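Architecture and fold: a report
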Amino acid sequence: AFVLPPATSFTGVGLSGSARQSAIRRNGVSSMIFDFPAPGERKDYPRPPLEETSENQRESAAFSQAFLDMPRPERPLKVAVIGAGLAGLSCAKYLSDAGHKPVVLEARDVLGGKVAAWQDKDGDWVETGLHIFFGAYPNVNQMFTELGIRDRLQWKSHSMIFAMPGQQTADGFQRFSRFEFPALLPAPLNGLVAILLNNEMLTFPEKIQFGIGLLPAILFGQKYVEECDSLTVSQWMKKQGVPDRVNDEVFIAMAKALNFIDPENLSMTVVLTALNRFLQETHGSKMAFLDGPPPTRLCQPMADHMLARGGELRMEQRISEILLNDDKTVKGLKMQDGSTVVADAYVSTMPVDILKLALPEAWRPMPYFEKLNGLNGVPVINIHMWFDRKLTTVDHLLFSRSPLLSVYADMSLTCKGYRDDDKSMLELVFAPAKDWIGKSDEDIIEATMGELYRLFPNELSKDGSGAKLLKSAVVKTPLSVYEATAGRELYRPVQTTPVSNFFLAGCFTKQKYLASMEGATFSGKLAARALCDAAIAGTVPLQKESSAVAA
Ligand SMILES: Cc1cc2nc3c(=O)[nH]c(=O)nc-3n(C[C@H](O)[C@H](O)[C@H](O)COP(=O)(O)OP(=O)(O)OC[C@H]3O[C@@H](n4cnc5c(N)ncnc54)[C@H](O)[C@@H]3O)c2cc1C
């Protein structure tokens, strides 16, 4: 156990009710015990087991190791990291690994940003989003390994399961169509067999036509994938002569799951990027659920890691203005409470819509920042419904294939922390949400029930004789991840900005893993690396005082 040095602020996430509130208010306890190795105690990160290592996974482990192997800075940089979502926490973690001093400033009283969760009055957890981890998330998987919390990822059978709304089995239960990836075959054979053996959704000629359509992606690789950003999924399907039914049966569900929009709008690059990972990595499409709420089960260990290495976390600290020097570098951050935070360098991980509003006037004409106008957040709604009995026995993510919903899962089965042997808690992603985001929670729940009657024909009944809805929670995110419509790749900024002491991270910034938890985590790592390199090159202007961060 390691005793934190005095005056380190911490978050009360993980505690409940008044204990949590008072912990947040105290925000500067004298000491806390963490079951975590002291700085310098462990030189090398543990590697994931060999059988799970893909080339991307090995690259990610080496990238992490480089932070530990860097020469220790003579004068550690104080870095203000704006936002404690996955990008901010990842950036802070790796900066602390490299010997720098991150100070994370989070506007809310909860860690996680788009993976944030909180407890309702009954103590039940409400999440911003239903979150799935994939085998093809090397930097996220590496993060779990580095924090010693791999056992918190609950891996499910290697399958993709699609609901068949309105269709029932002979005994009246909901029908599913499964793509099963055989365990003994390597990629891409396991994926091809999974597709070939499923005959409920696509006919053999349809699969062949889709396979032929994909040939250029297989032959020309990444270059072709990137070129396809000029086309929507629907346009690409037409151009490649893929039958409409493939779009309707599979890609509406896929597009909604990947970016909460329809194939008529989604860039084909997004779909090809996902397919590429799934077809190249044997475990790529394997899915895992976290074993409880992300703020306590994932974000807190990330924060603890950097706190144990001298970092700082300040909750309920919203920045209201970026203050500039005459040369347009950042002079400090004006906080909403009127205080100012000064550091050697600054990393913004604010979502793109908030960042655009926060940009200083002097930066707006710069082409790098001007490009951000091409990116906008997409609306999405996450719904929780608690029922008085079990609705399903399927312990997996389900693609709903229904007009209003995207994916859903019975969290009482899929997630150890929410386990209930008698009742179901469905978590459902409602998308596209453009026409619904302004509607009342009651309207949204009523519309969702309408979909559920078709999805659970035997368990739910309009006359009230089936399972009863005990309570529900609706979480609206009007501007979530950037909307990946055709042509957006051009607008995604790299992590190094034209301002020498200002860096960007966040899932919208340029990296090869889309707007996802992996994208956010990797972007934070890339920003930390860019900053460390700039520090070594001496291009970050240092503040005069040795203790640069002042509140
Ligand atoms: C409903 C839903 C379902 C999803 N499902 C999946 C999934 O299954 N798999 C997957 O990989 N991804 C999924 N995602 C996407 C994933 O959650 C995001 O890509 C990722 O969490 C984004 O992390 P981030 O750090 O880039 O941004 P954010 O999480 O948005 O973090 C930004 C942080 O900045 C803070 N902030 C904002 N303004 C200020 C300010 N002025 N001052 C200080 N702090 C500020 C915010 O409070 C926030 O904590 C889902 C998202 C949603 C909404």
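These remarks concern the structure in this document. None of the values given here were measured: they were computed from a predicted structure. (Residues numbered from 1 in each chain as written. Predicted model: local features only at pLDDT ≥ 70, side-chain atom pairs only at ≥ 80, totals over all residues. Heavy atoms only, no water.)

**Side note on the sheet that holds strand 7 (residues 133-134)**
Stated formally: Strands are labelled as partners when DSSP assigns at least two bridges between them. To qualify as a helix, a DSSP run of H or I must reach at least 4 residues; to qualify as a strand, a run of E must reach at least 2; elements of each kind are numbered from the N terminus.
Within the open sheet, the 3 strands sit side by side as 7-11-8. Their pairing is antiparallel. A strand with exactly one partner marks an edge of an open sheet, and here the two such strands are strand 7 and strand 8 (153-155). Pairing of strand 7 with strand 11 (residues 287-290) involves 2 bridges; the strand directions are antiparallel. Note that in strand 11 the partner of F133 across the bridge is A288.

**Concerning the packing of helix 3 (residues 86-97) against helix 10 (residues 294-307)**
The condition is simple: Every axis in this analysis is a line fitted to C-alpha atoms, fitted for helices over the stretch in contact. Angles between the N-to-C directions lie between 0 and 180 degrees. An angle below 35 degrees is read as roughly parallel, one above 145 as roughly antiparallel, one from 65 to 115 as roughly perpendicular, and any other as oblique. Left-handed describes a crossing whose near helix is turned anticlockwise from the far helix through less than a right angle; right-handed describes the clockwise counterpart. Throughout, a contact is declared for two residues whenever any of their heavy atoms are within 4.5 Å. Charged means Asp, Glu, Lys or Arg here, nonpolar means Ala, Val, Leu, Ile, Met, Phe, Trp, Tyr, Cys or Pro, and polar covers whatever is left, Gly included.
With their axes 8 Å apart at the nearest point, helix 3 and helix 10 run at an angle of 30 degrees to one another. In terms of their interaxial angle, helix 3 and helix 10 are classed as roughly parallel. Viewed along their axes, helix 3 and helix 10 form a crossing whose handedness is left-handed. Across the interface between the two elements, L86, L89, S90, A92, K93, S96 and D97 of helix 3 pack against L298, C299, M302, A303, H305 and M306 of helix 10. For the contact of helix 3 with helix 10, the residue count by class is 8 nonpolar, 3 polar and 2 charged.

**Description of a nonpolar patch on the surface**
As a reminder, the rule being used: Patches in this entry comprise residues that are over 30% relatively accessible and not in a salt bridge; like charges within 9 Å are linked, as are nonpolar side chains (Val, Leu, Ile, Met, Phe, Trp, Tyr) within 5 Å. Using the Shrake-Rupley algorithm and a 1.4 Å probe, accessible areas are obtained, with residue cover drawn only from the displayed protein chains. The working definition used for a salt bridge is a side-chain nitrogen of Lys or Arg within 4 Å of a carboxyl oxygen of Asp or Glu.
A contiguous nonpolar surface patch, about 840 Å² in accessible area, is contributed by L196, F204, I208, I212, L215, I218, L219 and F220. Ranked by residues supplied to the nonpolar patch, first place goes to helix 6 (residues 204-227) with 7 residues. Tracing the backbone shows L196 in helix 5 (residues 189-197).

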